[in-house]
Amino acid sequence: MKKKLLSGILSAVMTASLLVGCGGAAPAASTEAPASEPAATEAPAATESAGGSGKVGVAMPTKDLQRWNQDGANMEEQLKAAGYEVDLQYASNDIATQVSQIENMISSGAQVLVIASIDGDSLGTVLAQAKEAGIKVIAYDRLIMNSDAVSYYATFDNYMVGTKQGEYIKQQLDLDNAAGPFNLEIFTGDPGDNNARFFYGGAIDVLKPYIDSGKLVVKSGQVDFDNVATANWSTENAQSRMDAIISANYADGTKIDAVLCSNDSTALGVTNSLEANYTGDWPIITGQDCDVANVKNMIAGKQSMSIFKDTRTLAAKTVEMVDAIMKGTDAPVNDTKTYDNGTGVIPSFLCEPVFADVNNYKELLIDSGYYTEDQLK
Ligand code: BGC
């Protein structure tokens, strides 16, 4: 009976995964959420254990960014629905806090750890302890580097996120046909987050030929990853860097044609800076996550696009992985060559990121129950 329930839940979750993101089609789930809270997963509530048993530690980086709250809530709800006990922790973007939270999870009997790392390189020692204790580790969204304790990686196709952002700028500026030159500035993420290099890499692979040919001009001269990284993905850091770029290069109203921002928190900083300091025509601005503030900016014409990564789908895929590990079977993966963490390639499941803009956000975000209409007012 319990087995039947679990397979029912898993197949519902798998169907949702196929429909949302991982299968590439439009999301079909429907969830109501209170206006102030991000919508959580559609998975059934855990009124009775659904076949799984044991404890899962879920370590999230921070509550500061909307998406991690959604990720944590979705993981907790879906794991509980599948019958597992959950220890969910947020580390305020502080590496030492995350390490000690993971130590506590190990000592309190977690059998699987699901970790969205703050700094992918800082968990080697604590994960060696996990391995020693026979605890399996799933890297969630961000790859954990240089640790052979990592069994699986569940994420979105991070390179594709960057490609979609770069392609968008290419199409909007019609780089193959228009005379140009066009002014571009670039903002990516935290150097300790392996994803940031994939986002940057995907976008720069599209845009670099046009920078090299002079059709795209980066007046700040800041193009290399290290020069365009944003510590902690922080909105404030992006904003102050954009303030400096504007005052040095665009103070006279020279047009900025596009700003490549790897995610929504950096896009928000750039937008804030433009609003305060810039007098030229509004540039194309990219983003990622479809955070509420950024969707509002898209609706208001201040941000051009974002990338929708349905955190319900990623949670569902990760719960499938946990379940397979707990039962001693192989977890679902669809990529066994892209993500080498320094100890070898980590078998991965890559969900598909979806392009979002003012024309499709209703279908993607409201019809799918990700947000309510009121949240975006
Ligand atoms: C995630 C992005 C997020 C960024 C900042 C990345 O690892 O993949 O979705 O915007 O971290 O939290």
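Student: Explain the pairing of strand 10 (residues 305–308) to me, please; I cannot follow it from the model alone.
Tutor: Look at any regular strand and the pattern is simple: side chains alternate between the two faces of the sheet. Alternating positions in strand 10 separate into two faces, Met305 and Ile307 on one and Ser306 and Phe308 on the other, with burial throughout. Relative to strand 12 (residues 354–357), strand 10 runs antiparallel, the two sharing 4 bridges. By the bridge assignment for strand 12, Ile307 is matched with Phe355.

Student: I tried to follow unusual backbone geometry on my own but got confused; where do I start?
Tutor: Backbone geometry follows two general trends: most residues other than glycine have a negative phi, and most peptide bonds adopt the trans configuration. The omega torsion of the bond from Gly180 to Pro181 falls at -10°, within 30 degrees of zero and hence cis. Mapped onto the secondary structure, Pro181 falls in the loop between helix 5 (158–172) and strand 6 (182–187). Non-glycine residue Ser92 carries a positive phi angle of around 50°. Since its relative accessible area comes to 59%, Ser92 is described here as exposed. With a phi close to 60°, Asn232 is a non-glycine residue in the positive phi region. Examined against the element boundaries, Asn232 turns out to sit in the loop between helix 7 (225–228) and helix 8 (235–250).

Student: Help me understand the packing of aromatic side chains in this model?
Tutor: The geometry of an aromatic ring pair is captured by two quantities: the separation of the ring centres and the angle between the planes. Considering all chains together, one arrives at 7 aromatic pairs under this definition. Each ring, one from Phe198 and one from Tyr339, has its centre 4.6 Å from the other, and the planes form 35°; the classification is tilted. One end of the pair, Phe198, is in helix 6 (residues 194–213); the other, Tyr339, is in the loop between helix 11 (311–326) and strand 11 (348–351), with 141 residues separating them in the sequence. In this structure an aromatic cluster arises from ring pairing among Tyr153, Phe198 and Tyr339. Just above the ring of Trp68 sits the side chain of Arg67; from NZ or CZ to the centre is 4.2 Å.

Student: Please clarify how the sheet that holds strand 5 (residues 150–156) should be interpreted in this entry.
Tutor: Adjacent strands of a sheet pair through backbone hydrogen bonds, lying either parallel or antiparallel. Sheet architecture is open: 6 strands sit in the order 2-1-3-4-5-11, paired in parallel fashion. Looking along the sheet, the strands with just one partner apiece sit at the ends: strand 2 (85–90) and strand 11. On average, adjacent strands in this sheet sit at an angle of 15° to one another, irrespective of strand direction. Taken together, the 4 bridges between strand 4 (residues 136–140) and strand 5 define a ladder with parallel strand orientation. Along strand 5, the bridge assignment pairs Tyr140 with Ala154. In this fold helix 11 packs onto strand 1 (55–60), strand 3 (112–115), strand 4, strand 5 and strand 11, with an angle of close to 170° to the strand it touches most, strand 4.

Student: I tried to follow helix 8 on my own but got confused; where do I start?
Tutor: Residues that lie three or four places apart on an α-helix share one face, since the helix turns once every 3.6 residues. Among the residues of helix 8, Thr235, Ala238, Arg241, Met242, Ile245, Ile246 and Tyr250 are the ones counted as buried. All buried residues of helix 8 lie within an arc of 140° about the axis, which places them on one face of the element. Exposed residues lying more than 90 degrees from the buried face of helix 8 are Glu236, Ser247 and Ala248. Buried-residue contacts for helix 8 involve strand 6, helix 7, strand 8 (258–261) and helix 9 (264–277). Of the residues that open helix 8, the one with a side-chain oxygen 3.2 Å from the backbone nitrogen of Glu236 is Ser234.

Student: How do you make sense of the pattern of salt bridges when you look at a structure like this?
Tutor: What the rule picks out here adds up to 14 salt bridges. A salt bridge links Arg67 to Asp141; its shortest N-O distance comes to 2.9 Å. Placement of Arg67 in helix 2 (residues 66–81) and of Asp141 in the loop between strand 4 and strand 5 is noted, with a sequence separation of 74 residues between them. You'll find Arg67 and Asp141 in the same group, each marked buried. Members of the salt-bridge network, linked through shared partners, are Arg67, Asp71, Asp141 and Lys309.

Conventions adopted
- Residue positions are given per chain, counted from 1 along the sequence in the order it is written.
- Restriction of local features to residues with pLDDT of at least 70 applies here, the model being predicted, together with a cutoff of 80 or more for giving and counting side-chain atom pairs; totals for whole chains, interfaces and linings are based on all residues.
- Neither water nor hydrogens contribute to the side-chain values; these are computed over all heavy atoms in the structure.
- In this scheme, a residue with accessible area under 20% of its type's maximum is buried, one over 50% is exposed, and one in between is partly exposed, where area comes from a 1.4 Å probe on protein chains only.
- Per the convention used, a helix needs a DSSP run of H or I reaching at least four residues, while a strand needs a run of E reaching at least two, with both numbered from the N terminus.
- Note on pairing: DSSP must find at least two bridges between two strands before they are called paired.
- Here a Phe, Tyr or Trp ring, Trp counted by its six-membered ring, pairs with any other such ring whose centre lies within 6.5 Å, and the pair is stacked when the planes are under 30 degrees apart, edge-to-face when over 60, and tilted otherwise.
- Only when the NZ of Lys or the CZ of Arg is both within 6 Å of the ring centre and within 35 degrees of the ring normal is a charge said to sit over the ring.
- What counts as an axis is a line fitted to C-alpha atoms, over the stretch in contact for a helix, and the angles between N-to-C directions run from 0 to 180 degrees.
- Any two residues whose heavy atoms approach within 4.5 Å are treated as being in contact.
- Note that the arc is computed from the directions linking the helix axis to the C-beta atoms.
- Polar contact criterion, stated in full: a pair of N or O atoms within 3.5 Å, where within protein one must be able to donate a hydrogen and the other to accept it, and residues adjacent in sequence count only if both atoms are side-chain atoms.
- Salt-bridge detection follows one rule: a side-chain nitrogen of Lys or Arg within 4 Å of a carboxyl oxygen of Asp or Glu.

Purely geometric numbers; function is a separate question.
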